[in-house]
Amino acid sequence: MGRIQLKSVTKSFGDIQVIPPLDLTIEDGEFTVFVGPSGCGKSTLLRLIAGLEDITTGTIEIDGNDATNLVPAKRGLAMVFQSYALYPHMSVRKNIAFPLKMAKMDPAEIDKRIEAAASVLNLTAYLDRRPGQLSGGQRQRVAIGRAIVREPAAFLFDEPLSNLDAALRVGMRLEISELHKRLATTMIYVTHDQVEAMTMADKIVVLQAGVIEQVGSPLELYQRPRNTFVAGFIGSPKMNLISGAEAQKHDAATIGIRPEHIDISESSGAWKGKIGVSEHLGSDTFFHVQCDVTDEPLTVRATGEVSFKYGSEVYLTPRPEHLHRFNEQGLRIE
Amino acid sequence: MATKASRSAARLMMAPAVILLLGWMLVPLIMTLWFSFRTYLPLRGGDQGWTGFDNYVRFVSSSAFWPAVQTTLVIVLGVLVITVCLGILLAILLDQPMWGQGVVRILVIAPFFVMPTVSALVWKNMFMDPVNGLLAHLWRFFGADPISWLSDASLQSIIMIVSWQWLPFATLILLTAIQSLDSEQLEAAEMDGAPVLKRFAYIVLPHLSRAITIVILIQTIFLLAIFAEIFVTTGGAFGTRTLSYLIFQRVLESQNVGLGSAGGVYAIILANIVAIFLMRIVGKNLDN
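Residues numbered from 1 in each chain as written. Chains lettered and ligands numbered in written order. Predicted model: local features only at pLDDT ≥ 70, side-chain atom pairs only at ≥ 80, totals over all residues.

By the naming in an unreviewed UniProt entry, chain B goes by Sugar ABC transporter permease and is assigned to Marivita geojedonensis. In its Sequence similarities (unreviewed entry) section, the UniProt entry covering chain B states "Belongs to the binding-protein-dependent transport system permease family." Within the UniProt record for chain B, the comment given under Subcellular location (unreviewed entry) is "Cell membrane". (UniProt positions renumbered as here; feature names shortened; annotations may be inferred.)

An unreviewed UniProt entry lists chain A under the name Glycerol-3-phosphate ABC transporter ATPase, with Marivita geojedonensis as the source organism. As its UniProt record puts it under Sequence similarities (unreviewed entry), chain A is described as follows: "Belongs to the ABC transporter superfamily."

Put into structure tokens, the structure is as follows:
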């Protein structure tokens, strides 16, 4: 149980409105990711839902009950912070027990829940250590443990993986996804990393300057971005956006084509260009190609190991079925 | 600082400071020990030779000794309790965002810059004077009889004066400690359902434990030796004679350097006993 509904929620700090009226519904059991560039208001939105910030106008409903003026503890939500926010003077066991102790739960029940959470998160061996003696990934798991013992209506994650190194991040990403499958609880996850958003989410909410640009499943966002911002933000490497004469040929102000939807050839094609930097990843090769159609170099993906010499001439052909068209306002043309 | 040459160079360059500090400590210590075993009455025949442990026995068996030890401990403990408790409250208060924060912080720290003699005089004449003091006026305003602070409540008065002096120090150290508390920890505790007082007890206070330890250790060292406040206000009368004041009286008022030096050695021992106790009780906090 954890359906969260935001109705025309706004937030202002002094005179500055960081979140203009915003409506959003997060269904029960859904893994929702808020994604957007730094300063887009995604963390603020999460803190509004958590109750750590007061909303200026509008209402928040959790499971159909008005939670707008409830204190954080009464909302039944658990949060995992970017810095983990573990209590450094308490052992792992006491950290995890803290919310239960505050709820004045029976000690036997507390122990039972700690054991259960510890075994789920592989923390059993570390229960008597202090957070300072744990590695980054373990601390992250303790923070998650402290959240799951409360059996909350929803979990809120505020960029939980950004302090971990790349390899660990991939691992923890999987663990969190798996946890969601197992618990089937609503989760709201804030990140600026669109790869995390694409891999974990049931539903992605793309935010820019406090405004929701698009809400949808990862594939919807990938296949049918609603505007140029979403088109450029979702997908790695970024979609190539071309405006000007070439776009007008397709009756659009801007056209977009993803690197994986361009064919590259030495002999013939639609656009002529010069090879710039090549990035060889083994499974794929990315070429940055300087073309006549646009000032920005275009990114092109070739599968497997393909080699072109720096500066050599190539021809690019976009696959027409994957071409995205946008009008003057940057909105998608169907 | 890795090579042999650079290490010995470092030692050489540190040597003057180390030797100076060592001499600074050792010369008075050895002189105190030396005089404590001699009969030395500057105005009554000067140095009259060895007396063994006579001075030590006389100092302890004097009726003034145990009350002086007790007074010392009462003042130290009283000031510690007041400064730490009020210091925590003030630190929390000053940590809140408010208008004129910078000025208020400087004002709070100001008493620390006032010399002990001066502040004791100000308290004695401006506040605690039973006729013209501000407190006397206040008492009379409410229709009460003014208290003659320094004779009727002498020990409390001195504790109050010294606390006023040391409160800024405690506040300053505790404030910096509070500012280093990660706000996400407090938010996490808030989400975990801890109300304000429990957040204080479970998060803020443990975070401050190390700073409190430092405040207690440093203040104890200085408080064991307070002198000016007593000299200026009561002159050691009305039960305010501390150990260091007693030593002063033995040496200068009774003109008995040997006896005073023996008292000095006792003071060293007392200070070390207190220090060891403190280290054992609160030193654990410094480990983790």
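**Q** Please explain the overall build of chain A as it appears in this structure.
**A** In terms of regular secondary structure, chain A is built from nine helices and 19 strands. Taking the principal axes of the C-alpha coordinates as reference, chain A spans close to 75 × 45 × 30 Å. Residues counted as buried form 40% of the 334 residues belonging to chain A. (Helix = DSSP H or I, 4+ residues; strand = E, 2+ residues; numbered from the N terminus. Buried ≥ 20, exposed ≤ 12 C-beta atoms within 10 Å, placed from the backbone.)

**Q** What am I meant to see in the domain arrangement of chain A here?
**A** Where interface size is quoted, it is often the accessible area lost as the parts come together. Residues and elements named next belong to chain A. Taken as a whole, chain A is organised into domain 1 (4–230) and domain 2 (237–333). Placing a centre on the C-alpha atoms of domain 1 and another on those of domain 2 gives a separation of 37 Å. Residues belonging to the side of domain 1 that touches domain 2 are distributed by class as follows: two nonpolar, two polar and two charged. (Domains from an automatic or database assignment. Nonpolar A, V, L, I, M, F, W, Y, C, P; charged D, E, K, R; others polar.)

**Q** Would you mind showing me how to read the sheet that holds strand β9 (residues 203–208) of chain A here?
**A** Picture the strands of a sheet paired through backbone hydrogen bonds; they go either parallel or antiparallel. Residue and element names in this part refer to chain A. With respect to topology, six strands assemble into an open sheet ordered β6-β7-β8-β3-β9-β10, the strand pairing being mixed. Both edges of this open sheet fall to β6 (77–80) and β10 (211–216), since each of them pairs with a single strand only. The mean inter-strand angle of the sheet, taken between neighbouring strand axes irrespective of direction, is 15°. In this sheet, strand β8 (residues 186–191) lies alongside strand β7 (residues 154–158) in parallel orientation, the contact comprising five bridges. Bridge pairing in β8 links A154 to T186. The sheet contacts of helix α4 (residues 136–148) involve β6 and β7, and relative to β6 the element is tilted by about 175°. (Pairing = 2+ DSSP bridges. Axes fitted to C-alpha atoms, helices over the stretch in contact; angles between N-to-C directions. Contact = placed C-beta atoms within 7 Å.)

**Q** Help me understand the UniProt feature "transmembrane region" (unreviewed entry) in chain B in this model?
**A** Mapped onto this numbering, the UniProt entry annotates "transmembrane region" (unreviewed entry) at residues 12–37, 73–94, 106–123, 158–178, 211–238 and 258–282 of chain B. In this annotation, residues 106–123 of chain B is assigned 67% helix and 0% strand; the end-to-end C-alpha distance for the span is 21 Å.

**Q** Before we go on, may I ask you to explain the nonpolar core in this structure?
**A** Here is a general trend for soluble globular proteins: nonpolar side chains tend to be buried in one another's company. If you look at the biggest cluster of nonpolar residues, it comprises 136 residues, and the most contacted ones within it are M79, L156 and I188 of chain A. Counting residues domain by domain, this core receives three or more from each of domain 1 (4–230) and domain 2 (237–333) of chain A. Each residue touching M79 of chain A, except ones within four places of it in the same chain, is listed here: A50, A147, L156 and D158 of chain A together with A188 and M191 of chain B. (Core = buried A, V, L, I, M, F, W, Y, C linked by C-beta atoms within 7 Å.)

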